[in-house]
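Coordinates in review
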Number of protein chains: 2
Amino acid sequence: MDLLAANDAVARHNRALFQRHGVYVVNVMSGPGAGKTTLLEATVDALRARYRIGVIEGDLHTDVDAARLRARGVPAIQINTEGACHLTAEGVHTRLGELDLGALDLLFVENVGNLVCPAEFDLGEQDRVMLLSVTEGDDKPLKYPLMFHKATALLITKTDLMDPSRFDLQQATQASRAYNKDLSVIPLSAVTGVGMADWVAWLEPRCRAVDRGARGKWAS
Amino acid sequence: MDLLAANDAVARHNRALFQRHGVYVVNVMSGPGAGKTTLLEATVDALRARYRIGVIEGDLHTDVDAARLRARGVPAIQINTEGACHLTAEGVHTRLGELDLGALDLLFVENVGNLVCPAEFDLGEQDRVMLLSVTEGDDKPLKYPLMFHKATALLITKTDLMDPSRFDLQQATQASRAYNKDLSVIPLSAVTGVGMADWVAWLEPRCRAVDRGARGKWAS
C-alpha cells in the first residue's frame, strides 16, 4: 500500500503538470499483442494534422515501438522497465524532461502489455483506455475485472478477426459494463480502419476540453 | 529476493512430491487469451485414454476454466489469485491435497495469463511450456525475453490465423532461440488440430520418463 500511495503522489504531480500545459494524456493499457502500437500509429495518422502528438512507450525491453511511432513523425520516448510488468508514475516523471510538453496537445502513454498490474498504477493521465483484441476471447472481462473497471473506454480491437475468433461482442460489452456502467465500448480494426472514426470522435472533444481549460486555444 | 527464495523452497518440496508419485507436471504459461485452456481441452482429448490427467487452473477470478476441463472428464482445481498476476509454489501446494496424486500420470498447471511475472515463480513443475499465439505478434520474444528463456517448449498457437496476423514464424523462432538454443518450437492450432500430434509426441516420452523413474509402470 505504501508503494501505491507513493505512486499516487507522483501521479498527482504529473497530472498537475499535464493540466498546466494543456496536454491531454491517455494511458493505453492491454494484454500483450492486443494492438496498442498499431492503434497509435493509425491514431497519429488520423489526428496529426490537427493536434501536436507525443508518445511514451513502455516495454520491458527493446525500443521497437518508439521507433515505429517516430517513423510516423511524432516525438516518442521509450521507457524500458527491465523486467517490471507495468509503468509507474515515477518512471514516467523521470522521462518527461525529454518532451516539450508546451508543444503538445495530446500525449499517449502506451503501458507494458499486461492485463493485470498496469491497472493499479495511476500515471497522472486524464483517461485510461484499454484494448481487448477479439482474439483474446470474450471471457477476459470476468477474469481480469480491475482493468475493465478502471478504464473510461474499452476498444475492442482486431474486429477483422471477429468471426474466426468466435468473439461475442455483446457478451464482452455486458460483462465489462457490469463493473463499469459508463464505460464507452468502441469496436474497431486499426488494420482495415473500420471503427477508427468512432475512436477519434471519442478522443477529440476530450483533448480539446483539457486544452480549453489550460490555454484557450480551442475556446473560440 | 527473499520472496523468490521462499517460493523456490516450496517449489522444491512440490517437485519432490510430484517425483515420488511419478506425476509429470507441466507449468503452462502465456499472455491472456493465447489459448491455454483450449490447448488443454484438446490435449486431454488426445491423451486421456492412455494417461490419467489432472489440471490446476490459475486465474485472478472465476472458475470457468476448471469447469471447462471437468466437462472433459478430468479432475480440475481452480486457484483464484484474487488480484495476483501469477501462481506461486505455496498457492499450488496448499491445494494439492484436493488431488489424488497417486492416481495421476500427468498434471497440467495453467498459470495466470501474463507474459511477465509467472516466469519468475518455479511451481515445482518438470517442464515449463509457453504459448505464443500468432495474433500477439512475432515481436514478443524480444519484448518479454524471460519467459522464452525459461521455457522448454514454445507452442506457437492459433496458426489458423497466421496469414491475417502477418506472423513471421521463422523470425519468432530465431528470436526465441537466441536466448534458449535448445527450445522446442511447435506450431499448432488446437481448433483445426494441425500440429497437435507434434505436441503430443513431445509430451508423451517426457511423461513416461517421469513415471518410469518413480513407479516403473512404463518400464516394460
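Going by the structure above, here's the rest.
Notes on the structure follow. (Residues numbered from 1 in each chain as written. Chains lettered and ligands numbered in written order. Predicted model: local features only at pLDDT ≥ 70, side-chain atom pairs only at ≥ 80, totals over all residues. Heavy atoms only, no water.)

What follows deals with the environment of Gly-22 of chain A. Residue and element names in this part refer to chain A. With respect to the helices, strands and loops of the structure, Gly-22 is situated in the loop between α1 (2-20) and β1 (24-29). Under the relative-accessibility criterion, Gly-22 is labelled buried at 0%. Along the primary structure Gly-22 and Asp-105 are separated by 83 residues, whereas in three dimensions their C-alpha atoms are 6.6 Å apart. (Helix = DSSP H or I, 4+ residues; strand = E, 2+ residues; numbered from the N terminus. Buried < 20%, exposed > 50% of the residue type's maximum accessible area, 1.4 Å probe, protein only.)

Counting 46 residues, the largest nonpolar core has Leu-154 of chain A together with Leu-154 of chain B as its most contacted members. At the level of secondary structure, the elements contributing two or more residues to this core comprise β5 (127-133), α6 (145-150) and β6 (153-157) of chain A together with β5 (127-133), α6 (145-150) and β6 (153-157) of chain B. With residues near it in sequence (within four places) discarded, Leu-154 of chain B still touches Met-130, Leu-131, Leu-132, Phe-148, Ser-176, Leu-183, Ser-184, Val-185 and Ile-186 of chain B. (Core = buried A, V, L, I, M, F, W, Y, C linked by side-chain atoms within 4.5 Å. Contact = heavy atoms within 4.5 Å.)

Residues and elements named next belong to chain A. Between its first and last C-alpha, helix α2 (residues 36-47) extends 16 Å over twelve residues, near the 16 Å set by a 1.5 Å rise per residue. Extensive coverage of α2 is indicated by the burial of nine of its twelve residues. Buried residues of α2: Lys-36, Thr-37, Leu-39, Leu-40, Glu-41, Ala-42, Thr-43, Val-44 and Leu-47, and no others. (Expected span 1.5 Å × (residues − 1).)

All names here are of chain A. The strand order across the open sheet built from seven strands is β3-β2-β4-β1-β5-β6-β7, with neighbouring strands paired in parallel fashion. In this open sheet, the two edge strands, each paired with only one partner strand, are β3 (76-80) and β7 (184-187). Averaged over neighbouring strand pairs, the angle between their axes works out to 20° when direction is ignored. Docked against the sheet, α2 engages β1, β2 (53-59), β4 (106-110), β5 and β6, running at close to 170° with respect to β4. (Pairing = 2+ DSSP bridges. Axes fitted to C-alpha atoms, helices over the stretch in contact; angles between N-to-C directions.)

Residues and elements named next belong to chain B. Relative to each other, helix α2 (residues 36-47) and helix α9 (residues 196-214) sit at 70°, their axes nearing to 11 Å. On the basis of their axis angle, the class for α2 and α9 is roughly perpendicular. Every pair of crossing elements has a handedness; the one defined by α2 and α9 is right-handed. The residues of α9 that touch α2, namely those facing Leu-39, Ala-42, Thr-43, Ala-46 and Leu-47, are Met-196, Trp-199, Val-200, Leu-203 and Glu-204. Grouping the amino acids of the contact of α2 with α9 by side-chain chemistry returns eight nonpolar, one polar and one charged. (Parallel < 35°, antiparallel > 145°, perpendicular 65-115°, else oblique. Left-handed = near helix turned anticlockwise from the far one by under 90°. Nonpolar A, V, L, I, M, F, W, Y, C, P; charged D, E, K, R; others polar.)

Bringing the relation of the copies chain A and chain B into the picture now. Turning chain A through 180° and shifting it by 0.0 Å along the axis lays it on chain B, with an RMSD of 0.0 Å. Such a combination of turn and shift is consistent with a two-fold rotation axis. Every residue of chain A has its C-alpha some distance from the rotation axis, and the shortest such distance is that of Asn-114 of chain A, at 3.1 Å. Mapped onto chain B, 100% of the interface residues of chain A again fall at the interface, so both copies present the same surface. (Least-squares fit on C-alpha atoms with pLDDT ≥ 70 in both.)

Let's shift gears to the interface of chain A and chain B. Taken together, the 31 residues of chain A in the interface contact 31 residues of chain B. Summed over both sides, the interface between chain A and chain B buries roughly 2,300 Å², with carbon and sulfur atoms accounting for 61% of that surface. Contact with chain B buries surface across chain A, with Pro-32, Lys-143 and Tyr-144 of chain A losing the most and accounting together for 25% of the total. If you look at where chain A meets chain B, you find four salt bridges. Lys-143 of chain A is paired through a salt bridge with Asp-65 of chain B; the nearest N and O atoms lie 2.7 Å apart. Counting every contact that joins chain A to chain B gives seven residue pairs in polar contact (both at pLDDT 80 or more). (Buried area = accessible area lost by both parts, 1.4 Å probe. Salt bridge = Lys/Arg side-chain N within 4 Å of Asp/Glu carboxyl O. Polar contact = N/O pair within 3.5 Å; in protein donor to acceptor, adjacent residues only side chain to side chain.)

A few words now on unusual backbone geometry. What you tend to see is this: most non-glycine residues have negative phi, and most peptide bonds are trans. With a phi angle near 80°, Thr-62 of chain A is a residue other than glycine that sits in the positive phi range. With respect to the helices, strands and loops of the structure, Thr-62 of chain A is situated in the loop between β2 and α3 (64-70). Positive phi, normally seen in glycine, also occurs at Glu-82 of chain B, with a value near 50°. Tracing the chain through its elements places Glu-82 of chain B in the loop between β3 (76-80) and α4 (89-93).

Centre distance and the angle of the planes are the two values used to describe a pair of aromatic rings. Residue and element names in this part refer to chain A. Scanning the model with the defined rule gives two aromatic pairs over all chains in all. Where Trp-199 meets Trp-202, the ring centres are 6.0 Å apart and the plane angle is 20°; that geometry is what we call stacked. Of this pair, Trp-199 and Trp-202 both sit in helix α9 (residues 196-214), three residues apart, roughly one helical turn. Note on Trp-199: relative accessible area 0%, which makes it buried. (Phe/Tyr/Trp six-rings, centres within 6.5 Å; stacked < 30°, edge-to-face > 60°.)

Residue and element names in this part refer to chain A. Counting buried positions along β6 yields five of five residues, so the element is predominantly enclosed. Along β6, one buried face is formed by Ala-153, Leu-155 and Thr-157 and the opposite face, lined by Leu-154 and Ile-156, is buried too. Examined bridge by bridge, β5 and β6 share five bridges and lie parallel to one another. When the bridges of β6 are listed, Leu-131 appears paired with Leu-155. Summarising the sheet, β6 and β7 pair through four bridges and their orientation is parallel. When the sheet's bridge partners are listed, Ala-153 is paired in β7 with Ser-184.

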